[in-house]
Amino acid sequence: MAACLSRAGFDLRVADARRAQAENFVQQIGGFAPDSLRELAGGSEVVITMLPTSANVAAVLAEAEDTLLAGLRPGSVVIDMTSGQPAITKALAERVAPPAAP
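Since the structure is predicted, the reported quantities are computational estimates derived from the model, not experimental observations. (Residues numbered from 1 in each chain as written. Predicted model: local features only at pLDDT ≥ 70, side-chain atom pairs only at ≥ 80, totals over all residues. Heavy atoms only, no water.)

J.: Sorry, what's going on with the environment of Gly 75 here?
T.: Residue position: Gly 75 is located in the loop between α4 (54-63) and β2 (77-80). Relative accessible area serves as the criterion here: at 71%, Gly 75 is assigned to the exposed category. Measuring from C-alpha to C-alpha, the distance between Gly 75 and Glu 45 comes to 7.5 Å, with 30 residues separating the pair along the chain. (Helix = DSSP H or I, 4+ residues; strand = E, 2+ residues; numbered from the N terminus. Buried < 20%, exposed > 50% of the residue type's maximum accessible area, 1.4 Å probe, protein only.)

Written out as structure tokens, the structure reads:
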């Protein structure tokens, strides 16, 4: 998926739990591998997750020491493409979404 986005001309910031995997992708396909998830989110208008489980998404989004949520800018969009548990995805969406205006 990321390679297709790169070929379509999108600038990519990539991360992987194994830093060497992200660096290998950047060398072969292109993009940039930031030093942290916070940095990745801070430089992105759209963040796409494609992880093995909902627990993995929860960890990188909001529960680990270095999180995407810590770096998300107002107006950023998070797209979770994980084949996860809908209830967890919905709960995470509520944490990411800005509060509704009164």
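From this point, the discussion proceeds with the structure in view.
J.: What am I meant to see in the layout of surface pockets here?
T.: Sizing a probe to match a water molecule and rolling it over the atoms shows the empty space that remains. Considered as a void within the structure, the largest pocket measures approximately 1,200 Å³ in volume. What lines the largest pocket is a set of 37 residues, among which Arg 13, Val 14, Ala 15, Leu 40 and Ile 48 lie closest to the centre. Of all elements in the fold, only α1 (2-7), α2 (19-28), α3 (37-42), β1 (46-49) and α4 reach the threshold of two or more residues within the lining of the largest pocket. With 5 residues, α2 is the single largest residue contributor to the lining of the largest pocket. Considering only residue class, the lining of the largest pocket consists of 22 nonpolar, 7 polar and 8 charged. Its boundaries defined by the atoms lining it, the second largest pocket holds a volume of some 150 Å³. Lining the second largest pocket, in full, are Leu 69, Leu 72, Arg 73, Pro 74, Gly 75, Ser 76, Val 96, Ala 97 and Pro 98. (1 Å grid on protein atoms, 1.4 Å probe; cavity = no way out; pocket = protein on both sides within 12 Å on 5 of 7 lines; lining within 4 Å. Points joined across faces, edges and corners; volume = space filled by probe spheres on them. Nonpolar A, V, L, I, M, F, W, Y, C, P; charged D, E, K, R; others polar.)

J.: Explain α4 to me, please; I cannot follow it from the model alone.
T.: Because each turn of an α-helix spans 3.6 residues, side chains separated by three or four positions in sequence point in the same direction. What α4 keeps buried is the set Ser 54, Val 57, Ala 58, Leu 61 and Ala 62. Down the axis of α4, the sector holding all buried residues measures 100 degrees, keeping them to one side. Among the exposed residues of α4, those oriented more than 90 degrees off its buried face are Ala 55 and Glu 63. Looking at the packing, one finds that the buried side of α4 touches β1, β2 and α5 (86-96). (Arc of directions from axis to C-beta. Contact = heavy atoms within 4.5 Å.)

J.: Could you clarify how one ought to interpret the pattern of salt bridges in this entry?
T.: Inspection of the entire model under this criterion finds 3 salt bridges. In this structure, the salt-bridge partner of Glu 23 is Arg 19, at a minimum N-O distance of 2.8 Å. Remark: Arg 19 and Glu 23 occur in helix α2; sequence separation between them is 4 residues, near one turn of the helix. Residue Arg 19 pairs with Asp 35 through a salt bridge whose shortest N-O separation is 3.5 Å. Of this pair, Arg 19 sits in helix α2 while Asp 35 sits in the loop between α2 and α3, placing them 16 residues apart in sequence. In this structure Arg 19 comes out as partly exposed when scored by relative accessible area, which is 34%. One connected set of salt bridges, linked through shared partners, spans Arg 19, Glu 23 and Asp 35. (Salt bridge = Lys/Arg side-chain N within 4 Å of Asp/Glu carboxyl O.)

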